[in-house]
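Overview (structure and organization)
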Amino acid sequence: MRIVFMGTPEFSVPVLRALVGAGHDVVASYSQPPRPAGRGKALTPTPVHAAAEALGIPVRTPMTLRDPQAQADFAALNADIAVVAAYGLILPKPILAAPRLGCLNVHASLLPRWRGAAPIQRAILAGDAETGVCIMGMEAGLDTGPVRLRDSTPINSKTAGDLTDELSAMGARLMVEVLGDLERYPPVPQPEDGITYAAKIDKAEARIDWTQSAKAIERQVRAFNPAPGAFFEHAGERVKLLSAYLHLDPIDAAPGTVVGGALEVACGHGILIPLHIQRAGRGVMTPDELLRGFPIPAGTRLA
């Protein structure tokens, strides 16, 4: 099948590779433009851009797809179908209509729950028991299109990073399966009930509010691992929590108070016990390693 691929982050790369591995003719790959990164702020291509070039696929990086010339260039590819995976730009109607068989999207949620930009993080924050991937036909609405195939996985204690990797592989497998037999997987409209929206993550959400329950903060830690990282501040320094576990036993201490020598912290309900921590500019460490050079004694009230 003659395919245009559209994606940007690392999540999208396994989908692109799966299409090539399945023998499809990926005639072009669209990705967001290179952006400054690293200490030198050198322009750096996106993961999809780099992967496509390595596969010998032409790469296009328009700033917008609303420009008539960009739309004409897209249509001139004469694609059978466009496959989209976390591209990050809105597809206007002329783009959606250009491929002969339309556009299919790899969406990392169990639609109609968590339409929008951050479905993996929102599912963890909400305490959902499971999440998954839907292969969805794209239309003008925000993730409103019909679903051709879906699969699910339990969330358990997984981080956003864990789920991103798992759902990326799942999406690659499901997309290849759908493209192998479109008639076997007809589009099914999403139900009207159960619609929720996954708003883009604001970095301010990553600051830990110790008045919340330990259960809610532990979900916050997992939802923001690896980025932007749930954090608190102490001695003028930001400290990220990358993993933690909790006790729900009641404790007579104000929220945010360190109540044990391994940096156990009282929450609005229960106690949060960090497992992996990271100071700014430092590597990941255990609480014992942190406390040897950055003392936070019991009784300290964390911000």
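Before reading further, recall that the structure is shown in the block above.
We now turn to the structure provided with this report. Since we're looking at a predicted model, the values are computed, not measured. (Residues numbered from 1 in each chain as written. Predicted model: local features only at pLDDT ≥ 70, side-chain atom pairs only at ≥ 80, totals over all residues. Heavy atoms only, no water.)

What follows covers the packing of helix H1 (residues 13–21) against helix H6 (residues 160–180). At a minimum axis separation of 8 Å, H1 and H6 run at an interaxial angle of 35°. Seen along the crossing, H1 lies across H6 with a hand that is right-handed. Residues Pro14, Val15, Ala18 and Leu19 of H1 touch H6, and the partners they reach there are Ser168, Gly171, Ala172, Met175, Val176 and Leu179. (Axes fitted to C-alpha atoms, helices over the stretch in contact; angles between N-to-C directions. Helix = DSSP H or I, 4+ residues; strand = E, 2+ residues; numbered from the N terminus. Left-handed = near helix turned anticlockwise from the far one by under 90°. Contact = heavy atoms within 4.5 Å.)

A few words on the pattern of salt bridges. Applying the stated criterion to the full structure yields nine salt bridges. With a shortest N-O distance of 3.1 Å, Arg100 and Asp80 are connected by a salt bridge. One end of the pair, Arg100, is in the loop between helix H4 (93–97) and strand S7 (103–107); the other, Asp80, is in the loop between helix H3 (68–75) and strand S6 (81–85), and 20 residues separate them in sequence. Relative accessible area serves as the criterion here: at 61%, Arg100 is assigned to the exposed category. When its relative accessible area of 18% is taken as the criterion, Asp80 is described as buried. (Salt bridge = Lys/Arg side-chain N within 4 Å of Asp/Glu carboxyl O. Buried < 20%, exposed > 50% of the residue type's maximum accessible area, 1.4 Å probe, protein only.)

Evaluated as defined, the whole model comprises two aromatic pairs. With 5.5 Å between their ring centres and 65° between their planes, Tyr30 and Phe74 make a pair best called edge-to-face. Highlighted residues: Tyr30 in strand S2 (residues 25–30) and Phe74 in helix H3, separated in sequence by 44 residues. The exposure class of Tyr30 is buried, given its relative accessible area of 2%. Each ring, one from Trp210 and one from Phe232, has its centre 6.1 Å from the other, and the planes form 55°; the classification is tilted. Residue Trp210 is located in the loop between strand S11 (197–198) and helix H7 (214–223), and its partner Phe232 is located in strand S12 (residues 230–234); the two are separated by 22 residues in the primary sequence. Given the relative accessible area of 4%, Trp210 is considered buried. The ring of Phe231 is capped by Arg238, whose NZ or CZ atom sits 3.8 Å from the centre of that ring. (Phe/Tyr/Trp six-rings, centres within 6.5 Å; stacked < 30°, edge-to-face > 60°. Lys NZ or Arg CZ within 6 Å of the ring centre and 35° of its normal.)

Turning our attention to the packing of H1 against helix H2 (residues 47–54). Direction vectors running N to C along H1 and H2 enclose 20°, while the axes themselves pass 9 Å from each other. With respect to H2, the axis of H1 lies roughly parallel. H1 and H2 meet at a crossing whose hand is right-handed. Contacts between H1 and H2 pair Val13, Leu16 and Arg17 from the former with Pro47, Val48, Ala51 and Ala52 from the latter. A class-by-class count of the residues in the contact of H1 with H2 yields six nonpolar, no polar and one charged. (Parallel < 35°, antiparallel > 145°, perpendicular 65-115°, else oblique. Nonpolar A, V, L, I, M, F, W, Y, C, P; charged D, E, K, R; others polar.)

Time to look at H7. Judged by how many residues are buried, H7 sits mostly within the fold: eight of ten residues are covered. Taken together, the buried positions of H7 are occupied by Ala214, Ile217, Glu218, Arg219, Gln220, Val221, Arg222 and Ala223. Of the surrounding elements, those touching the buried residues of H7 are helix H5 (119–125), H6, S12, strand S13 (237–247) and strand S15 (271–279).

The next subject is the pairing of S7. Of all the five residues making up S7, five are buried; the element is thus mostly covered by neighbouring parts of the structure. Relative to S7, S6 is paired through three bridges, and the arrangement is parallel. What sits directly across from Val84, in S7, is Asn105. Here S7 pairs with strand S9 (residues 130–137) via four bridges, running antiparallel. The partner of Val106 across the bridge, within S9, is Ile135. (Pairing = 2+ DSSP bridges.)

Our focus in this paragraph is the pairing of S6. With five of its five residues buried, S6 lies for the most part within the structure. What you see with S6 is no split at all: Ile81, Val83 and Ala85 on one side and Ala82 and Val84 on the other are buried throughout. Bridging between strand S1 (residues 2–7) and S6 involves five bridges; their strand directions are parallel. Each bridged residue has a counterpart across the sheet, and for Phe5 the counterpart in S6 is Val83.

The subject of this paragraph is the nonpolar core. Phe5 and Val83 are the most contacted members of the largest nonpolar core, which totals 44 residues. Looking at this core, the elements that each hand over two or more residues are S1, H1, H2, S6, S7, H5, S9 and H6. Listed in part, the 22 residues of the second largest apolar core include Ala230, Phe232, Leu263 and Leu302. (Core = buried A, V, L, I, M, F, W, Y, C linked by side-chain atoms within 4.5 Å.)

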